[in-house]
Amino acid sequence: MSHLLACSILERSKFGEPIWTWAYPSLTESQKSYIVKKTPIEDQKTFFYGKVKNIWFYVSDLMDGEPEKFPDVQNFSIILWARDFNPDKYQKLGHVLGQVYGKTADPTQVLQHFISVMTIGICSIDGNDSPMEFGMVGKYKKTDLKELIKHFGLEAIVIYSAMLLKKRVIVYHHGLIQLLESLKSFPSFIPHRKFDETLFPWFEVTDEGIAALRNRKFFVAGCYDNSILSHPELTDIFVNIPAKEISITPQSKEGLAMTKIQKDVALFLVQLSESDLSEEDLIKKIGEKTHEIIDNMKSMTSTRDDGREVLYISRLKENDVNPAMMTFLIQLATAENILVLESEP
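Criteria and thresholds
Residues numbered from 1 in each chain as written. Predicted model: local features only at pLDDT ≥ 70, side-chain atom pairs only at ≥ 80, totals over all residues. Heavy atoms only, no water. Buried < 20%, exposed > 50% of the residue type's maximum accessible area, 1.4 Å probe, protein only. Helix = DSSP H or I, 4+ residues; strand = E, 2+ residues; numbered from the N terminus. Pairing = 2+ DSSP bridges. Polar contact = N/O pair within 3.5 Å; in protein donor to acceptor, adjacent residues only side chain to side chain. Axes fitted to C-alpha atoms, helices over the stretch in contact; angles between N-to-C directions. Phe/Tyr/Trp six-rings, centres within 6.5 Å; stacked < 30°, edge-to-face > 60°. Lys NZ or Arg CZ within 6 Å of the ring centre and 35° of its normal. 1 Å grid on protein atoms, 1.4 Å probe; cavity = no way out; pocket = protein on both sides within 12 Å on 5 of 7 lines; lining within 4 Å. Points joined across faces, edges and corners; volume = space filled by probe spheres on them.

(A) A look at the pairing of strand E8 (residues 168–172). Burial analysis of E8 places 5 of its 5 residues in the buried class, the great majority of the element. Summarising the sheet, E8 and strand E10 (residues 219–223) pair through 5 bridges and their orientation is parallel. Within E10, the position partnered with Val169 by the bridge is Val220. Relative to strand E11 (residues 237–240), E8 runs parallel, the two sharing 4 bridges. Paired with Ile170 across the two strands is Phe238, which belongs to E11.

In structure tokens, the structure reads:
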């Protein structure tokens, strides 16, 4: 089943005015105004992505059409709308559809290829020996988790722990494109979970933007406005990419206290980042380590008659589990949807 929802073309006239040329099946006025407001087309040069009301949008590089076919147009972008988070796949598809439109100036040609991708996951472009496959999950996913771990060294464990335990994470970079490029790798820290609904690639420090995060218990949100650093109440950790700093907010220090497990994982992450492993194999190794930690926690749970797994705090105390480890196990159980109760009935 395709996650694609819509395709649209946004042109910029020679006078710098944004013009919505075409959309399929349709766009609401609120979607159009959101894109124009959120992404001033006169400043946008390269691919970027975002999310509005749980729908992802992917804006292609600014592209030029053949002059004789676009006499009054300076450039244009293809904007794809989808349910899933996959920037690299949609960047590639947007570029391909942009090439079609740039050569033909005919939205029906774009529609033909878009429908082909929606229905069978394949796009055949003139001059290509073989059709391009867009239906395979992960085919165009490009992350750089290895470099992200190298960037922060042992402190990368704070990001890993926060995401494993479903904490609030705000990521800062003063450059939007660099921010979005880095954020692509964050979900790979915990590969067994989906982050489509909890990843907010960039938000503005406005009343509306703050309100969208305030009541959420778990998210990964990007911001390129440094005034966000003055709002520690919104997050559990701040990740400042250009400064290579990760800070835990005062109210979250107890919940993110380091245990022996996390110290071991910190060394494990750094060793992986310094190895010759491919990105794919590195993510696989991290996933295996994470499952090992979760399985170890589950070995301490019980199964009720209704089939629900339960972690009893009293049992942890009986086994002399230290306070920091107990806090970690309780939070991990909660993050994995395991019921936590004080004692057995």
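After presenting the structure, the write-up continues.
(B) Fine view of the side chain of Gln31. In this fold, Gln31 is placed in helix H1 (residues 29–38). Here Thr28 takes part through its backbone nitrogen, which lies 3.0 Å from a polar atom of the side chain of Gln31.

(C) Geometry of the sheet that holds strand E5 (residues 73–82). Reading across the sheet, the 5 strands line up as E2-E1-E5-E4-E3 and stay open at both edges, with antiparallel pairing between neighbours. Either end of the sheet is taken by a strand with one partner, and the two such strands are strand E2 (18–24) and strand E3 (48–52). Each strand axis lies, on average, 25° off the axis of its neighbour in the sheet, ignoring direction. Sheet analysis places strand E1 (residues 4–13) next to E2, joined by 6 bridges and oriented antiparallel.

(D) Inspection of the sheet that holds strand E13 (residues 302–303) at higher detail. If you trace the 3 strands from one edge of the open sheet to the other, you get E13-E14-E15, paired in mixed fashion. Both edges of this open sheet fall to E13 and strand E15 (339–341), since each of them pairs with a single strand only. Bridge count for strand E14 (residues 309–312) against E15 is 3 bridges, and the pairing is parallel. Its bridge partner lying in E15, Val310 is registered against Leu339.

(E) The arrangement of the packing of aromatic side chains in detail. All told, the structure shown has 17 aromatic pairs when counted by the stated rule. Measuring from centroid to centroid gives 6.2 Å for Tyr24 and Phe114, while their planes differ by 75°, and the two rings are edge-to-face. Highlighted residues: Tyr24 in strand E2 and Phe114 in helix H3 (residues 107–120), separated in sequence by 90 residues. Taken together, a centroid distance of 6.4 Å and an interplanar angle of 50° make the contact between Tyr49 and Trp56 tilted. One exposure class covers both Tyr49 and Trp56, and it is buried. One aromatic cluster is present, formed by Phe47, Tyr49, Trp56, Tyr58, Phe85 and Tyr90 through successive ring pairs. Between the NZ or CZ atom of Lys51 and the centre of the ring of Phe200, over which it lies, the distance is 4.2 Å. The ring of Phe268 carries Lys289 above its face, with NZ or CZ at 4.9 Å from the centroid.

(F) Representation of unusual backbone geometry within the structure. Of note, the bond from Tyr24 into Pro25 is cis; its omega dihedral lies within 30 degrees of zero at -5°. With respect to the helices and strands, Pro25 occurs in the loop between E2 and H1. In this structure, Lys53 is a non-glycine residue whose phi angle is positive, near 50°. By secondary structure assignment, the location of Lys53 is in the loop between E3 and strand E4 (55–59). With a relative accessible area of 75%, Lys53 lands in the exposed category. Within the chain, Lys166 stands out as a residue other than glycine whose phi angle is a positive 55°.

(G) Layout of the layout of surface pockets. The calculated volume of the second largest pocket comes to roughly 700 Å³. The wall of the second largest pocket is formed by 24 residues, among which Tyr34, Lys51, Val52, Lys53 and Glu208 lie closest to the centre. Taken together, the elements giving at least two residues each to the lining of the second largest pocket come down to H1, E3, E4 and helix H7 (207–214). Here the lining of the second largest pocket gets 6 residues from one element, more than from any other, and that element is H1.

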